[in-house]
Amino acid sequence: MKEKLTVIKVGGKIVEEADTLNQLLTDFSRVEGYKVLVHGGGRSATKMAARLGIESQMVNGRRITDAETLKVVTMVYGGLVNKNIVAGLQARGVNAVGLTGADMNVILSVKRPVKDIDYGFVGDVKQVNAEALVSLISHGVVPVMAPLTHDGEGNMLNTNADTIAGETAKALAEAFDVTLVYCFEKKGVLRDENDDDSVIPVITPELFREYVAQGVIQGGMIPKLENSFSAVEAGVSQVVITSSSAIDGNAGTVIKK
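The rules behind these values
Residues numbered from 1 in each chain as written. Predicted model: local features only at pLDDT ≥ 70, side-chain atom pairs only at ≥ 80, totals over all residues. Heavy atoms only, no water. Helix = DSSP H or I, 4+ residues; strand = E, 2+ residues; numbered from the N terminus. Buried < 20%, exposed > 50% of the residue type's maximum accessible area, 1.4 Å probe, protein only. Contact = heavy atoms within 4.5 Å. 1 Å grid on protein atoms, 1.4 Å probe; cavity = no way out; pocket = protein on both sides within 12 Å on 5 of 7 lines; lining within 4 Å. Points joined across faces, edges and corners; volume = space filled by probe spheres on them. Nonpolar A, V, L, I, M, F, W, Y, C, P; charged D, E, K, R; others polar. Salt bridge = Lys/Arg side-chain N within 4 Å of Asp/Glu carboxyl O. Expected span 1.5 Å × (residues − 1). Arc of directions from axis to C-beta.

Caption draft 1: Expanded view of the environment of Leu157. For Leu157, the location among the structural elements is in strand β10 (residues 156-158). Using a relative accessible area of 1% as the deciding quantity, one classes Leu157 as buried. For the pair Leu157 and Ile200, spaced 43 residues apart in the sequence, the C-alpha separation amounts to 35 Å. Setting aside residues up to four positions removed in sequence, Leu157 forms contacts with Leu70, Ser109, Val110, Lys111, Phe121, Val122, Gly123, Pro147, Leu148, Thr149, His150 and Asp151.

Caption draft 2: Representation of empty space enclosed by the protein. Inspection of the entire model under this criterion finds one cavity of 30 Å³ or more. In this structure, the largest cavity spans a volume of roughly 30 Å³. For the largest cavity, the full set of lining residues is Glu55, Ser56, Gln57, Ile64, Asp66 and Thr69. Within the lining of the largest cavity, the residues separate by chemical class into one nonpolar, three polar and two charged.

Caption draft 3: Geometry of the environment of Val122. By the secondary structure assignment, Val122 is in the loop between β6 (107-111) and β7 (123-128). Taking relative accessible area as the criterion, Val122 reaches 7% and is therefore assigned buried. Here Val122 is in contact with Arg63, Thr65, Val110, Lys111, Arg112, Leu157 and Asn158, once residues within four sequence places are set aside.

Caption draft 4: Molecular detail of the pattern of salt bridges. Under the criterion given, the structure shown has ten salt bridges. When the shortest N-O distance is used, the salt bridge between Glu16 and Arg43 registers 3.5 Å. One end of the pair, Glu16, is in helix α1 (residues 12-16); the other, Arg43, is in helix α3 (residues 42-51), with 27 residues separating them in the sequence. A relative accessible area of 19% places Glu16 in the buried class. When the shortest N-O distance is used, the salt bridge between Asp162 and Lys224 registers 3.0 Å. With a gap of 62 residues between them, Asp162 in helix α6 (residues 161-172) and Lys224 in helix α8 (residues 221-233) connect regions that are remote in the sequence. Lys224 carries the same exposure label as Asp162, and that label is buried. When salt bridges with common partners are traced through the structure, they connect Lys9, Asp162 and Lys224 into a single cluster.

Caption draft 5: Region of interest: α8. Under the 1.5 Å per step criterion, the end-to-end length of α8 is 18 Å for 13 residues, consistent within 8% with the ideal 18 Å. If you check which residues of α8 are buried, you get Met221, Lys224, Leu225, Ser228, Phe229, Ala231 and Val232. The buried residues of α8 all sit within an arc of 155° when viewed along its axis, so they share a single face. Following α8 by one or two positions, Gly235 has its phi on the positive side, about 115°.

Coordinates in, geometry out; function isn't part of it.
So, in structure tokens, the structure goes:
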């Protein structure tokens, strides 16, 4: 029987403000068993870029990462945000290590090909080095993963944190009984976007198709759920979409086969 492991992805907004970060770290330190934390940090990167006189360009909510922006996100995600989280976890008795995809060759990506839009130095995940992560985790180390990968040729790549969490969970599913938890500002997937308590408790592929057809699920929630089903199909036991105040995965929307 596989041991349980929880992969938790938290958005930048949660880890970038002192109050929410402190609460998150306390909650995360209480999650039992093996665990991995994946974080964002976009607002901090935008602020730092502005201070350095670098204009941030966004298309459909995704950052265009030119050479100068890449320097900023590498500094902010891999340095400032990541190490603040690691230090906070150490203070709570969690032996954490901060990783980008380049560290221990944990995540190799390919630079996104140019189609309609040139996203610049943005990476699409090619493979996750599960063996390296399993080695750390089995020795009681908790990986804290920044949204950065590398191409194996010396270049860092800005990479979507949801994707990193999903691909990491899939890769670790061979060794562990994995639950993937996506945290955001709502309590879960809502039946009515204006009613924060209208959480849909369970979504199966059939229900997903129905809700999309009815317009209940729309916009950015569609790709998040598609990623969730992809993870479940690849061996992840379950995916939970919930708020950052429920990172133990015991509340929110559960995605199942």
